[in-house]
Amino acid sequence: ERFLLELYAPSCAIVNERGDILYLHGRTGKYLEPAPGKASLNILTMSREGLQLDLRTALRKAVARKEDIVSEGLRVRTNGDFQTINLVIHYIRKPEYLQGLLMVVFIDVPSPEKETLPPEGCEEKVNQRVLELEFEVKSTREHLQTTIEELETSNEELKSANEELQSSNEELQSTNEELETSKEELQSVNEELLTVNAELQTKIEELSQVNSDMSNLLTSTQIATVFLNNELRIKRYTPGAVGIINLIQTDTGRPVGDVSSKLDYPDLVRDAEEVLRTLVTKEKLVSHTEGKWFTVRIMPYRTKENVIDGVVITFIDITTLKKTQEALENTLSLTEGIAETVRESLLVLDGELCVVMANKSFYQTFRTSPAETENRRIYDLGDGQWDIPELRKQLETILPENSRFRDFVVEHDFPTVGQKRMLLNAHRMVQRGSRTPVILLALEEEGSTDRR
């Protein structure tokens, strides 16, 4: 309104590039009227007879040229008569908040008075008629040109729409094929589920059999077990416990602390009291006077009603395991010694491709330290010099696919040691005593005399 008042505009409409009316000023009923059908505020739809075509042409020119367009002498049909107007399309550049909008101004002009026609055969009459015909021809040409341009635009839009429809049709065909594939997959999955269901039924039967076997196993188990009540008095025990704790039949009902034991476990009673108080299982590795080793586990005894009714102490003989562990530790020490001795650079990577350890040759060859290497992803070492896409692909498939690679060539200009060409060998291995697989990666300079 401020903009229109400053401009002192006659009847006009503010529209966007599509012709949608945003604001009306003054009396515009002589030029615009609602069109029958669905309600619309588009100025082209609402324009009266004699105005629509010229308005469409002028509006399109103003948008394309970004300049004012003036059409004079338009005859608009209003209430059964014709009103002569000048149509001005003003392209708004200022103020900035209205920039890009169009002001459609309707200016009434006096209709030319009908002059008394001269007698027939008069030259002036002929000239006047020629001028009228020339004006009509010019107007018709402009309308025809506008119609052609609009038809060309519509044709291009139709071509574009046709291409989009063809693309959509192809996508729908592809989707249909995918749905067919999904249907087949679902049928396959259904068959697999039926198979799995039959297997589960078999498993249930097997589990019932296993449950019966376990009941008999617990009855005849050789694992040394002692059951204590809430006062830590012996309730019952298995035969295997006799050789570990000096138990006899008359010891039932006695406090466990009063029974002599061959175990080096003076805190047995105190730990049992703590488990009874905290309900947290306790486990310790305990030696035996005869050179044996036992894992002593103390846990709460729960009834079917989830009531604590004492503790259960189990003694698991791990003498063989202990000896094996000592042998493994010796082997590990020997392996570490070998790794430090070989001339090849060695890296051990975990499942996240982080460096677990590296040997001395690696640190010397690449002039780095354990602090800069261990617990870091191999791709983050140095300046990212090991972030090689093909190497990443090879390493990331070793653990899930249980694969390996040999003589993989890496050639890189290392900032600290210069240009090197190396052969990489890697394979998956599982450490003893651990189910976690790791990757052993050996780096050998090509042409080295100790290549294996």
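Residues numbered from 1 in each chain as written. Predicted model: local features only at pLDDT ≥ 70, side-chain atom pairs only at ≥ 80, totals over all residues. Heavy atoms only, no water.

Caption draft 1: Quick peek at the overall build of the protein. On a plain count of helices and strands, the protein comes out with 10 helices and 15 strands. A burial count over the protein gives 30% of its 452 residues as buried. Relative to all contacts within the protein whose residues are 6 or more apart in sequence, the contacts with residues 24 or more apart total 40%. Within the structure as shown, the protein displays about 30,400 Å² of accessible surface, and the carbon and sulfur contribution to it stands at 50%. (Helix = DSSP H or I, 4+ residues; strand = E, 2+ residues; numbered from the N terminus. Buried < 20%, exposed > 50% of the residue type's maximum accessible area, 1.4 Å probe, protein only. Contact = heavy atoms within 4.5 Å. Areas by Shrake-Rupley, 256 points an atom, 1.4 Å probe, with all protein chains shown as cover.)

Caption draft 2: Focus on the sheet that holds strand 4 (residues 81-91). Sheet architecture is open: 5 strands sit in the order 2-1-5-4-3, paired in antiparallel fashion. The open sheet has two edge strands, strand 2 (21-25) and strand 3 (69-78), and neither has a second partner. Pairwise comparison of adjacent strand axes, ignoring direction, gives a mean angle of 25° for this sheet. Looking at chain direction, strand 4 and strand 5 (residues 102-108) are connected through 7 bridges and run antiparallel. By the bridge assignment, leucine 87 is partnered in strand 5 with phenylalanine 106. (Pairing = 2+ DSSP bridges. Axes fitted to C-alpha atoms, helices over the stretch in contact; angles between N-to-C directions.)

Caption draft 3: Just unusual backbone geometry, in detail. The residue after lysine 94, namely proline 95, is reached through a cis peptide bond having omega 0°. Tracing the backbone through its elements, the reader meets proline 95 in the loop between strand 4 and strand 5. For asparagine 375, which is not glycine, the phi torsion reads 65° and is therefore positive. Positionally, asparagine 375 belongs in the loop between helix 8 (370-373) and helix 9 (389-396). The residue aspartate 407 is not glycine, and still its phi comes out positive at about 55°. Position of aspartate 407 among the secondary structure elements: in strand 13 (residues 404-414). By relative accessible area, aspartate 407 is classed as partly exposed at 31%.

Caption draft 4: Fine view of helix 5 (residues 268-278). Inspection of helix 5 places Leu268, Asp271, Ala272 and Val275 among the buried residues, and these make up the whole buried set. Down the axis of helix 5, the sector holding all buried residues measures 100°, keeping them to one side. For helix 5, the exposed residues lying more than 90 degrees away from the buried face are Arg270 and Arg277. On the buried face of helix 5, the contacting elements are strand 8 (282-287), strand 9 (293-302) and strand 10 (308-317). Positioned one or two residues after helix 5, leucine 279 has a phi angle of 60°, which is positive. (Arc of directions from axis to C-beta.)

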